[in-house]
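Fold and contact review
This is what each chain is made of:
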Amino acid sequence: MKLDLNRILDRGDGAEVVKADVDLRFVHYRGVSPFQEPVLLTAEARNRVGVVTLDCTYQYTLHLSCDRCLTPFSKQVTLHAAHTVVRSLSSESSDDDDYLVAPDGIVDLDEVATNDVLPELPGKFLCREDCKGLCPVCGCNLNEGSCGCERREADPRLAILDQFFEN
Ligand SMILES: [Zn+2]
Ligand SMILES: [Zn+2]
């Protein structure tokens, strides 16, 4: 969806609130499609003495599977991102990601949403902080109980390797 900000850019004041559904179902991330429903975007454009800001609030559900036990789970997320909208970057503007450059005064909300939401995907998905994962012997989910398999105590040298692979 395109948002025409010319009216707001040209006036010295004024505000406009727009709601949009952004479809991010095309996104595949680490083997899953985290966005199965549209992302709800509320964008508020405001001109304060000539500086136009676009405050975006995103509400969505991430559908993920746990890195340790592989169980699918979902997570509600609310994310805020603030941008300053300019027609061109002046030389003194810092080279900041928060600037949205819109030479024709039109902002593509799908693009803004993609750039705001995707970098916020978590690097690590755990169904809960203390997820016990799967038994390395029989593969059962250790969160649901102990399987009784003989599991060797972690060798400290291997534990260092584990840390290495987790990071
Ligand atoms: Zn888990
Ligand atoms: Zn087991």
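For the structure itself, consult the block above.
What follows covers the coordination of the zinc ion (ligand 1). Donor atoms from the polypeptide that coordinate the zinc ion (ligand 1) comprise Cys66 (SG), Cys69 (SG), Cys127 (SG) and Cys131 (SG), at 2.3 to 2.4 Å from the metal. Coordination at the zinc ion (ligand 1) is tetrahedral: its four donor atoms span angles of 107 to 113 degrees at the metal. Each donor residue of the zinc ion (ligand 1) belongs to the same chain, with the gaps between them written as C-x2-C-x57-C-x3-C.

On to the sheet that holds strand E6 (residues 99–101). Across the sheet, five strands lie side by side as E2-E3-E4-E5-E6; this open sheet has mixed pairing. The open sheet has two edge strands with one neighbour each: strand E2 (15–22) and E6. The mean angle between the axes of side-by-side strands here comes to 30 degrees, regardless of whether they run parallel or antiparallel. Taken together, the three bridges between strand E5 (residues 72–86) and E6 define a ladder with parallel strand orientation. Across the sheet, residue Thr84 finds its bridge partner in E6, namely Tyr99. Each of E2, strand E3 (39–48), strand E4 (51–65), E5 and E6 is contacted by helix H2 (residues 109–117), which is oriented at about 60 degrees to E4, the strand it contacts most.

Another point: the side chain of His83. The residue His83 is located in strand E5 in this model. Among the polar contacts listed, one links the side chain of His83 to the side chain of Asp116, at a separation of 2.8 Å.

Moving on to the side chain of Thr61. With respect to the secondary-structure elements, Thr61 resides in strand E4. The exposure class of Thr61 is buried, given its relative accessible area of 17%. Among the polar contacts listed, one links the side chain of Thr61 to the side chain of Gln76, at a separation of 3.4 Å. Ignoring anything within four residues of it in the chain, the contact list for Thr61 reads Pro34, Phe35, Glu37, Ser74, Lys75 and Gln76.

The next thing to look at is the coordination of the zinc ion (ligand 2). Around the zinc ion (ligand 2), the protein contributes the donor atoms Cys135 (SG), Cys138 (SG), Cys147 (SG) and Cys149 (SG), at 2.2 to 2.4 Å from the metal centre. Around the zinc ion (ligand 2), the four donor atoms sit at angles spanning 105 to 112 degrees, and that spread fits a shape best called tetrahedral. Linear spacing of the donor residues for the zinc ion (ligand 2) on their chain is C-x2-C-x8-C-x1-C. Judged by relative accessible area, Cys138 falls into the partly exposed class, the value being 44%. Relative accessible area serves as the criterion here: at 29%, Cys147 is assigned to the partly exposed category.

Cut-offs used in this document
- Residues numbered from 1 in each chain as written.
- Chains lettered and ligands numbered in written order.
- Predicted model: local features only at pLDDT ≥ 70, side-chain atom pairs only at ≥ 80, totals over all residues.
- Heavy atoms only, no water.
- Donors = N, O, S within 2.8 Å, 3.2 Å for Na, K, Ca; no water.
- Tetrahedral: all angles 85-135°; square planar, octahedral: opposite > 155°, others 65-115°.
- Pairing = 2+ DSSP bridges.
- Helix = DSSP H or I, 4+ residues; strand = E, 2+ residues; numbered from the N terminus.
- Axes fitted to C-alpha atoms, helices over the stretch in contact; angles between N-to-C directions.
- Contact = heavy atoms within 4.5 Å.
- Polar contact = N/O pair within 3.5 Å; in protein donor to acceptor, adjacent residues only side chain to side chain.
- Buried < 20%, exposed > 50% of the residue type's maximum accessible area, 1.4 Å probe, protein only.

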